[in-house]
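Residues per chain are reported as follows:
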Amino acid sequence: MACTSCSTSDGGAPKGCKNNGTCGTDSCNKLTVFDWLSNMSPSNGEAIFDCVEVRFKNGRKEFFRNSEKLTLSIGDIVATVASPGHDIGIVTLTGELVKIQMKKKGVNPESNEVPKIYRKASQKDIDIWSVARDREEPMKVRARELAIQHKLEMKISDIEFQGDGSKATFYYTANDRVDFRLLIKDFAKEFSTRVEMKQVGFRQEAARLGGIGSCGRELCCSTWLTDFRSVNTSAARYQQLSLNPQKLAGQCGKLKCCLNYELDTYMDALKDFPDYDTKLVTEKGDAVCQKQDIFKGLMWFAYTNNFANWHVLKIDQVKEIIAENKQKNKVSSLEDFAIEVTSEPEKDFNNAMGQESLTRFDQPKRKKKPNRKKKQNAETAAVATPEKPKQAHNQNNKPAGGNPNPNQQQNKQNNPNKPNHKNKPNPNKNNNSNKPASNENKPAEPRKPIIITKNENKK
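Residues numbered from 1 in each chain as written. Predicted model: local features only at pLDDT ≥ 70, side-chain atom pairs only at ≥ 80, totals over all residues. Heavy atoms only, no water.

**Q** Account for the overall build of the protein chain, naming residues and giving values.
**A** A count of helices and strands for the protein chain gives 13 helices and twelve strands. Per-residue burial over the protein chain gives 32% buried out of 459 residues. Summed over all atoms, the accessible surface of the protein chain reaches about 33,900 Å², with 50% contributed by carbon and sulfur. (Helix = DSSP H or I, 4+ residues; strand = E, 2+ residues; numbered from the N terminus. Buried < 20%, exposed > 50% of the residue type's maximum accessible area, 1.4 Å probe, protein only. Areas by Shrake-Rupley, 256 points an atom, 1.4 Å probe, with all protein chains shown as cover.)

This is how it looks when you write it as structure tokens:
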């Protein structure tokens, strides 16, 4: 189905594309033609040309005769002749410009074989058409599965239902001829409709399906290009492009059509250049061309015995040497005619308009704050674990169990007031609570007598 902005109203008339025909979601702008003569009325009372151009799915266009004298405009949905039944399409062009398009496509405007338009599509016709279009995608998946089961080397690229839903056309691509007689029978049983198979080329497949090219725009073949000219690798050679098939090939797997766009300009510019295979005869030896610059008019030559050193010559100088060689005269050397190519300085685009930086709206990066918690934890850990005390060579200092723990021993020495739950309580705990910490290895020092003076009593 077409995009929602291009859907039709209840009365059958199109609402119109809100994107001015450039949505590109479902061939809204495929192969469109701008009517330059829409505002011009026929002169001398001539009747308006009675043929119109109608577009169907994926850019398929045909010409129909308005034999019923209907007032048609671009965007109207009409019911046209089909075999069997009728088809539904959208009018894309009317007036005298249709006659030019018919001559371009090789259709005789005066022929009686041009099919005709039945009527403007009613809402019932549009509903049947919409239901048929919704069936196309799941049918395509199932059709590919059946083709794989039959082991046929073909690719079903697209399915198009007729407007009345009575026939489905299967578009496929294949390198060789394919016998799909059994496949058609399975399609008719599976989908309960009339089946028609139509083979298309790889370029036509890309034009039908559409896509985005490497240039970032929609494919030329699906938007405006109607004729497919043959593209050769010589077009890339003339334009001095690298012969890389991954860069030169399009989505269809063939060479890009845009290689022919500027080929005529390059061919006209190369007319002033000498032949690429021309040899220059000098006293130092023969020289052959290695490179050309069409825009600057320069050619690079190198001696056959020294391909490492290239000499830059202008076209006029090359023609002068060729003229001397035709008279069987040898030039002394290429160095006498070579020019020095100076590298152009890099252009520095300064801010002449005084505009602010484009990154002024970007949020500045936050500076990482130093992690103070880690530093504090490291300091507390250093304070909590002082140096290990030296153990005396005494059997009494070894703790029971055979696993000495100097930290526990140090805690016992520093905190004698802390009770030991493993040992029996000390009855003299209250009397010895005010005693200073003593070392078990050293004998206790005698107490000094306390002398109370008068001044201390007064205090």
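Further notes follow.
**Q** Describe the packing of aromatic side chains, listing the residues and the values that go with them.
**A** Summed over the entire model, instances satisfying the criterion amount to seven aromatic pairs. Centroid distance Phe 170 to Phe 191: 6.1 Å. Interplanar angle 25°. Geometry classified as stacked. One end of the pair, Phe 170, is in strand β7 (residues 167–173); the other, Phe 191, is in helix α4 (residues 181–191), with 21 residues separating them in the sequence. The class of Phe 170 is buried, set by a relative accessible area of 0%. Judged by centre distance (6.0 Å) and plane angle (40°), the rings of Trp 224 and Tyr 261 are tilted. Within this pair, whereas Trp 224 is found in the loop between α6 (220–223) and α7 (233–238), its partner Tyr 261 is found in the loop between α8 (245–248) and α9 (263–270), the two being separated by 37 residues in sequence. The class of Tyr 261 is partly exposed, set by a relative accessible area of 37%. One aromatic cluster is present, built from ring pairs that chain together Phe 170, Phe 187 and Phe 191. Over the face of the ring belonging to Tyr 171 we find Arg 208, whose NZ or CZ atom lies 3.8 Å from the ring centre. Cation over ring: Lys 291 sits above Trp 300, and NZ or CZ is 4.7 Å from the ring centre. (Phe/Tyr/Trp six-rings, centres within 6.5 Å; stacked < 30°, edge-to-face > 60°. Lys NZ or Arg CZ within 6 Å of the ring centre and 35° of its normal.)

**Q** Report on the confidence of the model for the protein chain, specifying residues and quantitative values.
**A** Note: predicted coordinates in regions of low pLDDT should not be interpreted at a detailed level. Per-residue confidence for the protein chain gives a mean pLDDT of 78; residues scoring 70 or more make up 71%. For residues 455–459, every residue scores under 50 in pLDDT, and the model assigns this stretch two contacts once sequence neighbours within four places are set aside. (pLDDT = per-residue confidence, 0-100. Contact = heavy atoms within 4.5 Å.)

**Q** Before we move on, can you summarise the nonpolar core with the specific residues and values?
**A** Met 154, Ile 156, Phe 170, Phe 187 and Met 197 are the most contacted members of the largest nonpolar core, which totals 20 residues. Within the residue set of this core, elements represented by two or more residues are α3 (136–149), β6 (155–161), β7, α4 and β8 (194–199). The element contributing the most residues to this core is α3, with four residues. Discounting chain neighbours no more than four positions away, the residues touching Phe 187 are Ala 143, Leu 146, Ile 156, Phe 170, Ser 192, Val 195 and Met 197. (Core = buried A, V, L, I, M, F, W, Y, C linked by side-chain atoms within 4.5 Å.)

**Q** Provide a residue-level description of the environment of Gly 253, including the pertinent values.
**A** Position of Gly 253 among the secondary structure elements: in the loop between α8 and α9. Between the alpha carbons of Gly 253 and Phe 202 there is a distance of 7.4 Å; along the sequence they are 51 residues apart.

**Q** Account for the pairing of strand β10 (residues 286–293), with residues named and values stated.
**A** Alignment of strand β9 (residues 279–281) against β10, held across three bridges, turns out to be antiparallel. Directly across from Val 281, in β10, lies its bridge partner Asp 286. From the end of β9 to the start of β10, which pair antiparallel, there are four residues, and Gly 285 there has a positive phi angle of about 140°. (Pairing = 2+ DSSP bridges.)

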